[in-house]
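Chain by chain, the residues run as shown.
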Amino acid sequence: MHSKYYKYLFYSILCFHFSEMVGGTQDDALDNITEVFHRFELVPGVVSAPPNEFVNISYEKMNCTIETTDNAFRDEVETAPKVWWNCNESLYYTLSVLDMNNNRETIKPRFHQNVTWWRERQWHIWLVVNIPGCDINRGETKFEYALGLEQNTLDMHILIFLVYQQPDVTPMKFNVAHRDIYDDRSGFEIEKFANQSNFGPPMAGNFLYFA
């Protein structure tokens, strides 16, 4: 009982400090994803325009559907979750999952203070393109789901899920990054990729913290 209490107390402290860094607060209403992305400075820290809908996320080890700003331990999010959104079965989508705090710098600006700094340090955990409807298994996986190398720090990471609607099936001209390949994941700016692919802003999104 005591170990569980201290475990979640530790989480609360980490989340408070990370929320202060990104500009959000844990007590705000979280029922509007557009407002949440602005409040936590994911606009403009990650993307220039917010999503309008939620991405639903369910990790097997957490045994629940993720709510925005939920907390997790690293081992609870080490394997790919089930992900779904309000999709049209006749359209194609791209799913992007990135970590905005997978870097070793000890002094980090708040998102709004240096957008370029943060975007250049995006770490891509998962990227699946040409997904028909919500059937991720039938999409083309470009980055297999993989967290960054464990750094043995107390940093709280922020795991961001973004879904883009594609104009059609889109050919992708870069190599697949498997679970044990990390070189191509760092500095992969999702908005630049989306703009080059003519995707427009993300249609759906969500995020959670893990340590």
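Residues numbered from 1 in each chain as written. Predicted model: local features only at pLDDT ≥ 70, side-chain atom pairs only at ≥ 80, totals over all residues. Heavy atoms only, no water.

1. Brief notes about the side chain of Asn130
We count it as follows: Helix and strand assignments follow DSSP, with helices taken as H or I runs no shorter than four residues and strands as E runs no shorter than two, numbered in order from the N terminus. Polar contacts, as used here, are pairs of N or O atoms within 3.5 Å; protein pairs need one atom able to donate a hydrogen and one able to accept it. Residues neighboring in sequence count only if both atoms are side-chain atoms. The contact definition used throughout considers only heavy atoms, calling two residues in contact when any of these lie within 4.5 Å.
The residue Asn130 is located in strand β7 (residues 123-132) in this model. A distance of 2.8 Å separates a polar atom in the side chain of Asn130 from a polar atom in the side chain of Glu140. When near neighbours in sequence (up to four residues on either side) are disregarded, Asn130 contacts Tyr92, Tyr93, Thr94, Arg138, Gly139, Glu140, Gln166, Asp168, Val169 and Thr170.

2. Examining the packing of aromatic side chains
To keep it simple, the criterion reads: Here a Phe, Tyr or Trp ring, Trp counted by its six-membered ring, pairs with any other such ring whose centre lies within 6.5 Å, and the pair is stacked when the planes are under 30 degrees apart, edge-to-face when over 60, and tilted otherwise.
Following the criterion strictly, the structure yields nine aromatic pairs and no others. Measuring from centroid to centroid gives 5.4 Å for Phe188 and Phe193, while their planes differ by 45 degrees, and the two rings are tilted. Feature note: the residues Phe143, Tyr164, Phe188, Phe193 and Phe199 constitute an aromatic cluster, connected by ring pairs.

3. Side note on the nonpolar core
Where we set the bar: Residues enter a nonpolar core if they are buried and are Ala, Val, Leu, Ile, Met, Phe, Trp, Tyr or Cys, with the set joined through side-chain atoms within 4.5 Å. Using a 1.4 Å probe on the protein chains alone, a residue whose accessible area is under 20% of its type maximum counts as buried, one over 50% counts as exposed, and one in between counts as partly exposed.
Tyr59, Val77, Trp85, Leu95, Trp126, Leu159 and Phe161 are the most contacted members of the largest nonpolar core, which totals 28 residues. Elements that contribute at least two residues to this core include exactly β2 (56-59), β6 (92-99), β7, β9 (157-165) and β10 (204-210). Among the elements that line this core, the one with the most residues is β7, at five residues. Apart from residues no more than four positions distant in its own chain, Leu95 is found in contact with Val83, Trp126, Leu127, Val128, Ile131, Ile136, Phe161, Leu162 and Val163.

4. Overview of the pairing of β6
Under the convention used in this document: Strand pairing is defined by DSSP finding a minimum of two bridges between the two strands.
A large share of β6 lies buried, amounting to seven of its eight residues. As judged from the seven bridges shared by β6 and β9, these two strands associate in the antiparallel manner. Across the sheet, the residue bridging to Asp99 is Leu159, located in β9.

5. As for the state of the cysteines
The cut-off we apply is this: Counting rule for disulfides: a pair of cysteine sulfur atoms within 2.5 Å.
Counted according to the given criterion, the structure contains one disulfide. Covalent S-S linkage joins Cys87 and Cys134, the inter-sulfur distance amounting to 2.3 Å. Disulfide Cys87-Cys134: torsion about the S-S bond near -130 degrees, hence left-handed. Highlighted residues: Cys87 in the loop between β5 (82-84) and β6 and Cys134 in the loop between β7 and β8 (140-143), separated in sequence by 47 residues.

6. Some words on the environment of Val77
As for its position among the elements, Val77 is in the loop between β4 (70-72) and β5. C-alpha of Val77 to C-alpha of Glu60: the two residues are 17 residues apart in sequence and 8.6 Å apart in space. Once residues within four sequence positions are removed from consideration, Val77 is found in contact with Tyr59, Met62, Ala72, Tyr145, Leu147, Leu159, Leu208 and Phe210.

7. Considerations on the confidence of the model for the chain
Test applied: A residue's pLDDT is the confidence the predictor assigns to it, expressed on a 0 to 100 scale.
Averaged over the chain, the pLDDT score is 78; the fraction of residues at 70 or greater is 67%. For the chain, per-element mean pLDDT is lowest for helix α1 (residues 2-22), which scores 48, and highest for β5, which scores 96. Within the model, pLDDT remains below 50 along residues 13-18, and this stretch shows eleven contacts once partners closer than five positions in the same chain are excluded. Confidence drops under a pLDDT of 50 for residues 20-29, and excluding neighbours within four residues, the segment shows 26 contacts in the predicted structure.

8. A look at the pattern of salt bridges
Just so we agree on the cut-off: We define a salt bridge as a side-chain nitrogen of Lys or Arg found within 4 Å of a carboxyl oxygen belonging to Asp or Glu.
According to the stated counting rule, one finds five salt bridges in the structure shown. The residue Arg138 makes a salt bridge to Asp135 at a minimum N-O spacing of 3.9 Å. As a salt-bridge pair, Glu140 and Lys142 come within 3.9 Å of each other at their nearest N and O atoms. Given the relative accessible area of 34%, Glu140 is considered partly exposed.

9. Digging into the pairing of β10
Burial analysis of β10 places seven of its seven residues in the buried class, which makes it a mostly covered element. Pairing of strand β1 (residues 53-54) with β10 involves two bridges; the strand directions are parallel. Along β10, the bridge assignment pairs Glu53 with Ala204. Inspection of the sheet shows β4 paired to β10 by three bridges, in the parallel sense. In the sheet register, Ala72 faces β10, and the bridge partner there is Phe210.

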